[in-house]
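Observations on the three-dimensional arrangement
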Amino acid sequence: LRASLGEPGFEIETAERAFHLGRILIARGRLQEGETQLVRSAKRPEFGLAVASLRAGLAEARGDLRGALEQWRTARSLRPAEAAPCLEFARVARAANELGLAQEALSWARVLTPNDPRVHAGFVELALARGDWRAAETALAAYERAGGEGSWAAEERRKIAEIRAP
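What you see is a predicted model, and the numbers here were worked out from it, not measured in a lab.

A few words now on the nonpolar core. Grouped together as the largest cluster of nonpolar side chains are 35 residues, with contacts concentrated most on Leu69, Trp72, Phe89, Leu106, Ala109, Leu140 and Ile160. For this core, the secondary structure elements donating two or more residues are α3 (48-61), α4 (65-78), α5 (83-95), α6 (99-112), α7 (117-130), α8 (133-145) and α9 (150-164). With residues up to four places along the chain from it excluded, the contact list for Leu69 reads Phe89, Val92, Ala93, Ala96, Glu98 and Leu101. Counting residues in hydrophobic clusters, the runner-up holds six residues, among them Ala15, Ile26, Phe47 and Val51.

A separate point is unusual backbone geometry. Positive phi, normally seen in glycine, also occurs at Asn97, with a value near 60°. The exposed category is assigned to Asn97, whose relative accessible area is 59%.

We now examine the pattern of salt bridges. The tally for this structure, following the rule as stated, stands at 18 salt bridges. For Glu162, the salt bridge identified is with Arg158, shortest N-O distance 2.0 Å. Placement of both Glu162 and Arg158 in helix α9 is noted, with a separation of four residues, approximately one turn of the helix. Classification of Glu162 by relative accessible area gives exposed; the value is 51%.

Reading guide: rules and limits
- Residues numbered from 1 in each chain as written.
- Predicted model: local features only at pLDDT ≥ 70, side-chain atom pairs only at ≥ 80, totals over all residues.
- Heavy atoms only, no water.
- Core = buried A, V, L, I, M, F, W, Y, C linked by side-chain atoms within 4.5 Å.
- Buried < 20%, exposed > 50% of the residue type's maximum accessible area, 1.4 Å probe, protein only.
- Helix = DSSP H or I, 4+ residues; strand = E, 2+ residues; numbered from the N terminus.
- Contact = heavy atoms within 4.5 Å.
- Salt bridge = Lys/Arg side-chain N within 4 Å of Asp/Glu carboxyl O.

Structure, rendered in structure tokens:
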């Protein structure tokens, strides 16, 4: 794969090869070399989201939630009309106890995809993190109206009951 970087081809092909080489190097523990390849691939806008997502996952795996949030912020700016980066940003923000940031990201995701059960699930989890059982019940009802799955809802109902009963 490394040798293929020197082969003739379009710039986007070289960026794709660099991205995959970077992923392989990182997986093998050669972080510095892998990051060099990610920088190379991120020069093409088509790979910006993939690079930011990969970096966010690496930061989260290291326990660097602030770094992960920064990468998801980058991903959101690269794809402002997609809900997935917002949802990931909100998930990491909840883990970092940045509940206001999680709220903002979920609110934007709801604007983008108002009937996506994942968005409503995020609001359930946020309400539970805040200890607000009323908001959690409201969000859970919206989740179910949006076609959300039953076993997850049953578990969340149990959690709501736990915080509801003093």
